[in-house]
Amino acid sequence: MKKGFLGIDVGSVSTNIVVLGTDNKLIKKLYLRTNGQPIDAIQNGLKKIEENLEVEIMGVGTTGSARELAGVIVGADVVKNEITAHAVAGSHLVPGVKTILEIGGQDSKIIILRDGIVVDFAMNTVCAAGTGSFLDQQASRLELAIEKFGELALESDNPVRIAGRCSVFAESDMIHKQQLGHSLEDIIAGLSQALVRNYLNNVGQGKEILEPIIFQGGVAANQGIKAAFEGELDTEVIVPKYYNVMGAFGSALLAKEAVQENDESNFNGFNVSDFDYTASSFECQQCPNHCEIINIHQEGKLVARWGFKCSKGENNQVQSSGK
Amino acid sequence: MSKIKIGLPRALLYHRYYEGWETFFESLDCEIVKAKSSTKYILDRGVKVAEEEACLPVKLFLGHVEYLKDKSDYIFVPRLVSVEKNKYLCPKFLGLPEMVKSSITGLPKLIDVTIDLRDRKSNLLKVALEITQQLNKSYYQSLKAFVQGYLAFKRSIQYPSNRQKQRGQYKVGILGHEYIVYDDYINMGLINKLKELGVRAVTTEMLDKRELKSGLSQVSKDMFWTFSERMLGTAYHFFENNEIDGIIQLTAFGCGSDSLVGEMIAREARDKTDLPFMSLNLDEHTGEAGLITRLEAFIDMLKWRDN
């Protein structure tokens, strides 16, 4: 049987899984909606990826905002933040890349690389205007399939000016422009430009954006946004082949590296999708910090917990009741 | 007779002067009352009573005053105008007693003396005498307390024992106000997280006089504000120090001097150094997850360079 590595990226909007061969070539990939249920998404994803998969998993890596959770469930060899995972994948697939623009479900990042090394990065802080969630929301308000969003934008001849600073104001601006009678194409193209401006002014502020530039993350599927980036930066923007699973791709590459160091994988096997995992939370009352604690149970047994600011959680001194 | 209870809000310049202040009040035979640390409860109280546009550190200070108001006979809320010649402190320190009085009801008496050492340092003694008068202590007692407090402060900045240098594979310079860098709640345990990641934090207070001085000598123009100038001097020192692997800047939401000096430092960092530089802005809504993600990515960046 072939050997390979598993990379899992559990983000706010999508859960992505890839299987890479030992030659770093992609064997299988999967893009699923998380739908606010990360545990289910991981289990379903594992089930789907396992179907007809003739690969022996030698190592597994997790990333994304639910990386810790995913790591506990699958027995990850490496749990890495999404910035590093994206950078690893980007520089692997497009050697020599100098700028990575990444827009995901709820966050957006910019990663600056020089000679294959990350030298600077930024991530959106307080504002999610222009990320996938907002585009989703607007598409459903306009009763458009999100897949059509980008194509429509490309049909515009005369994009309107939309306020992109804040997603709430962008929406009211869009509604206003609709009421004035502007065409949908022009509004959507205008929105794409506004989001790109916002991205470059916020996340990209003060960053040296040099070619080659790649654009990845779920939003990279949107041709309109890609075109808007190219217009604003006045240069070509590459969307890599596996743009929507780059986090998972990077995480599989990292798993390979980790296993080389550790010699052995912690992978729990695909049967973890049959176990019953539940998460519960409580507010610890032992001190005035009132930490929000998360417990992860496997078949009713506590397997992991986090959220403590102090060390009480590590030795399970605190019961779930918080007393 | 029971001792007079002096409430010390564990925020703002407490973090710089507490050794001096506590020794002073203890030598006056007073009991110090303070919170063990900042907590969610304290910050929430502060946010609730604070005027909307107050900066995060002031909100936290008000929270501490709220916490102390029923536990102390007096609360120490000095009006700090200047602590060195021809330099000022941020305006929030100048109006702190008013801010406290207008935001919080049911206060005990405040010790709201004015500390202004712009013209001469000896003004500090007058301040000490003023406090002791308010507390009905003798002249002799106050002189003794002043000397002891002053020496304790001097010792604390000379041998920052509680600011022990830590071990770690990498060394990261931390730029930020002391009341953010040393408040584990507000910075979400940043220093400890760095430690867990194998990184040793270096702060302004860990620099020796000579290092800080050489950094300060590169500041092209008078900065007016003592602490912002120190921060800038530290930044210049980090830029040139080849033992530092990276720099993390901590700024507080709503902080006026950070919005100016912080931005200046970020720009200088871009021009003057190739060191990895990251700026983190903290406010009461900051999520820990985002902070950890950034920190981890930052450390990965350092390691990546190393290989």
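Parameters at a glance
- Every residue gets a number counted from 1 within its own chain, in the order that chain's sequence is written.
- Each chain gets a letter, beginning with A, and each ligand a number, beginning with 1, in the order they are written.
- In keeping with the predicted nature of the model, local features appear solely for residues at pLDDT of at least 70, side-chain atom pairs appear and are counted solely at 80 or more, and the whole-chain, interface and lining totals rest on all residues.
- As a convention, hydrogens and water are excluded, and side-chain values are obtained from all of the structure's heavy atoms.
- UniProt positions are given in the numbering used here, feature names are shortened, and annotations may be inferred rather than shown by experiment.
- Only DSSP runs of H or I covering at least 4 residues are called helices, and only runs of E covering at least 2 are called strands; the numbering of each starts at the N terminus.
- A simple rule labels every residue: compare its accessible area, found with a 1.4 Å probe on the protein chains alone, to the largest value its type can have, and call it buried under 20%, exposed over 50%, or partly exposed in between.
- We call two residues in contact whenever any of their non-hydrogen atoms come within 4.5 Å of each other.
- Accessible surface is estimated by sampling points in the Shrake-Rupley manner with a 1.4 Å probe; for residues, cover comes only from the protein chains shown.
- The charge count includes Lys and Arg as positive and Asp and Glu as negative, but it does not include His or the ends of the chains.
- For the purpose of locating charges, the reference atoms are NZ of Lys, CZ of Arg, CG of Asp and CD of Glu.
- What makes a nonpolar core is a set of buried Ala, Val, Leu, Ile, Met, Phe, Trp, Tyr and Cys residues whose side-chain atoms join them at distances within 4.5 Å.
- Accessible area, probed at 1.4 Å, shrinks when two parts are joined; the buried area is that loss added up over both.
- The salt bridge criterion pairs a side-chain nitrogen of Lys or Arg with a carboxyl oxygen of Asp or Glu, the two atoms within 4 Å.
- Polar contacts, as used here, are pairs of N or O atoms within 3.5 Å; protein pairs need one atom able to donate a hydrogen and one able to accept it. Residues neighboring in sequence count only if both atoms are side-chain atoms.
- Boundaries between domains were set according to an automatic or database domain assignment.
- Should DSSP find at least two bridges between two strands, the strands are taken to pair.
- Here an angle of 0 to 180 degrees is reported between the N-to-C directions of two axes, which are lines fitted to C-alpha atoms, with helices fitted over the stretch in contact.
- Amino acids outside the nonpolar list (Ala, Val, Leu, Ile, Met, Phe, Trp, Tyr, Cys, Pro) and the charged list (Asp, Glu, Lys, Arg) are all regarded as polar, and Gly is one of them.

- Looking at an unreviewed UniProt entry, one finds chain B named Nucleotide-binding protein (Sugar kinase/HSP70/actin superfamily) and attributed to Halanaerobacter jeridensis.

- By the naming in an unreviewed UniProt entry, chain A goes by CoA-substrate-specific enzyme activase and is assigned to Halanaerobacter jeridensis.
- Recorded under Cofactor (unreviewed entry), the UniProt text for chain A is reproduced unchanged: "[4Fe-4S] cluster".

1. Things to note about the overall build of chain A
- The helix and strand tally for chain A stands at 9 helices and 13 strands.
- Viewed in the frame of its principal axes, chain A has a C-alpha envelope of about 60 × 50 × 40 Å.
- For chain A, the proportion of its 323 residues judged to be buried stands at 53%.
- Residue pairs at least 24 apart in sequence account for 62% of intrachain contacts in chain A once pairs closer than 6 positions are excluded.
- As presented, chain A carries roughly 14500 Å² of accessible surface, and 45% of it is formed by carbon and sulfur atoms.
- Of the charged side chains in chain A, 28 are positive and 40 negative, and the gap between their average positions amounts to 2 Å.

2. Digging into the nonpolar core
- Core analysis: the biggest nonpolar cluster contains 93 residues, and Phe25(B), Leu135(B) and Ile174(B) have the highest contact counts within it.
- Each residue touching Leu135(B), except ones within four places of it in the same chain, is listed here: Ile4(B), Ile6(B), Phe25(B), Leu28(B), Cys30(B), Tyr74(B) and Ile111(B).
- If you look at the next biggest cluster of nonpolar residues, it comprises 35 residues, including Leu101(A), Phe149(A), Leu152(A) and Ala220(A).

3. A word on the interface of chain B and chain A
- Between chain B and chain A, the contact holds 20 residues from the first and 24 residues from the second.
- When chain B packs against chain A, the two sides together hide about 1900 Å² of surface, and 55% of this comes from carbon and sulfur.
- Linking chain B to chain A there are 4 salt bridges.
- Across the contact surface, chain B and chain A share 7 residue pairs in polar contact (both at pLDDT 80 or more).
- Mapped by element, the contributors of at least two residues to the side of chain B that touches chain A are helix H2 (40-49), strand S10 (277-282) and helix H13 (288-306) of chain B.
- At 11 residues, the largest contribution of residues to the side of chain B that touches chain A is made by H13(B).

4. Notes on the environment of Val219(A)
Residues and elements named next belong to chain A.
- In this structure, Val219 sits in the loop between strand S9 (213-216) and helix H8 (223-233).
- The class for Val219 is buried, based on a relative accessible area of 6%.
- Separated by 84 residues in sequence, Val219 and Leu135 have C-alpha atoms that sit 8.5 Å apart.
- Filtering out sequence-adjacent residues up to four positions away, Val219 remains in contact with Ile103, Gly104, Thr131, Gly132, Leu135 and Ile225.

5. Here we look at the domain arrangement of chain A
All names here are of chain A.
- For chain A, the assigned domains are domain 1 (2-87 + 246-274), domain 2 (95-239) and domain 3 (276-323).
- Computed over C-alpha atoms, the centres of domain 1 and domain 3 are 25 Å apart.
- Tallying the contact residues gives 8 residues for domain 1 and 9 residues for domain 3.
- When the area that domain 1 buries against domain 3 is broken down by residue, the three leading residues are Ile39, Leu69 and Val72, summing to 57%.
- There are 0 salt bridges connecting domain 1 and domain 3.
- Remark: the boundary between domain 1 and domain 3 carries 0 residue pairs in polar contact (both at pLDDT 80 or more).
- Sorting the residues of the side of domain 1 that touches domain 3 by element identifies helix H1 (38-50) and helix H2 (67-74) as the ones contributing at least two each.
- Per-element tally for the side of domain 1 that touches domain 3: the top contributor is H2, with 4 residues.

6. Comments concerning the sheet that holds strand S8 (residues 117-123) of chain A
All names here are of chain A.
- Read from one edge to the other, the open sheet built from 5 strands follows the order S8-S7-S6-S9-S10, with strand pairing classed as mixed. At either margin of the open sheet sits one strand with a lone partner, and together these are S8 and strand S10 (237-238).
- Alignment of strand S7 (residues 108-114) against S8, held across 6 bridges, turns out to be antiparallel. Bridge pairing in S8 links Ile112 to Asp120.

7. Brief notes about the sheet that holds strand S3 (residues 74-76) of chain B
All names here are of chain B.
- One open sheet accounts for 4 strands, arranged S2-S1-S3-S5; its pairing is parallel. Looking at the sheet topology across the chains shown, the edges are occupied by strand S2 (30-33) and strand S5 (109-111). For this sheet the average axis-to-axis angle between neighbouring strands, irrespective of direction, equals 35 degrees.
- Across 4 bridges, the pairing between strand S1 (residues 4-7) and S2 is parallel. Bridge pairing in S2 links Gly7 to Val33.

8. Description of the domain arrangement of chain B
Residue and element names in this part refer to chain B.
- Partitioning chain B into domains gives domain 1 (4-158) and domain 2 (163-306).
- One C-alpha centre belongs to domain 1, the other to domain 2, and the line joining them spans 26 Å.
- Between domain 1 and domain 2, the contact holds 26 residues from the first and 22 residues from the second.
- Across the domain 1 to domain 2 interface the summed buried area is about 2100 Å²; carbon plus sulfur atoms make up 60%.
- Counting the contacts that link domain 1 with domain 2 gives 2 salt bridges.
- Between Glu229 and Lys87 there is a salt bridge, with the nearest N and O atoms lying 3.4 Å from each other.
- Taken together, the connections running from domain 1 to domain 2 amount to 6 residue pairs in polar contact (both at pLDDT 80 or more).
- Looking at the side of domain 1 that touches domain 2, the elements with two or more residues in it are helix H1 (14-27), H2, helix H3 (56-68) and helix H4 (91-94).
- Of the residues contributing to the side of domain 1 that touches domain 2, the split by class is 16 nonpolar, 3 polar and 7 charged.

9. Details of the side chain of Asn24(A)
Residue and element names in this part refer to chain A.
- Structurally, Asn24 can be placed in the loop between strand S2 (14-21) and strand S3 (26-33).
- A distance of 3.0 Å separates a polar atom in the side chain of Asn24 from a polar atom in the side chain of Lys256.
- Beyond its immediate stretch of four places on either side in the chain, Asn24 contacts His92, Phe249, Leu253 and Lys256.

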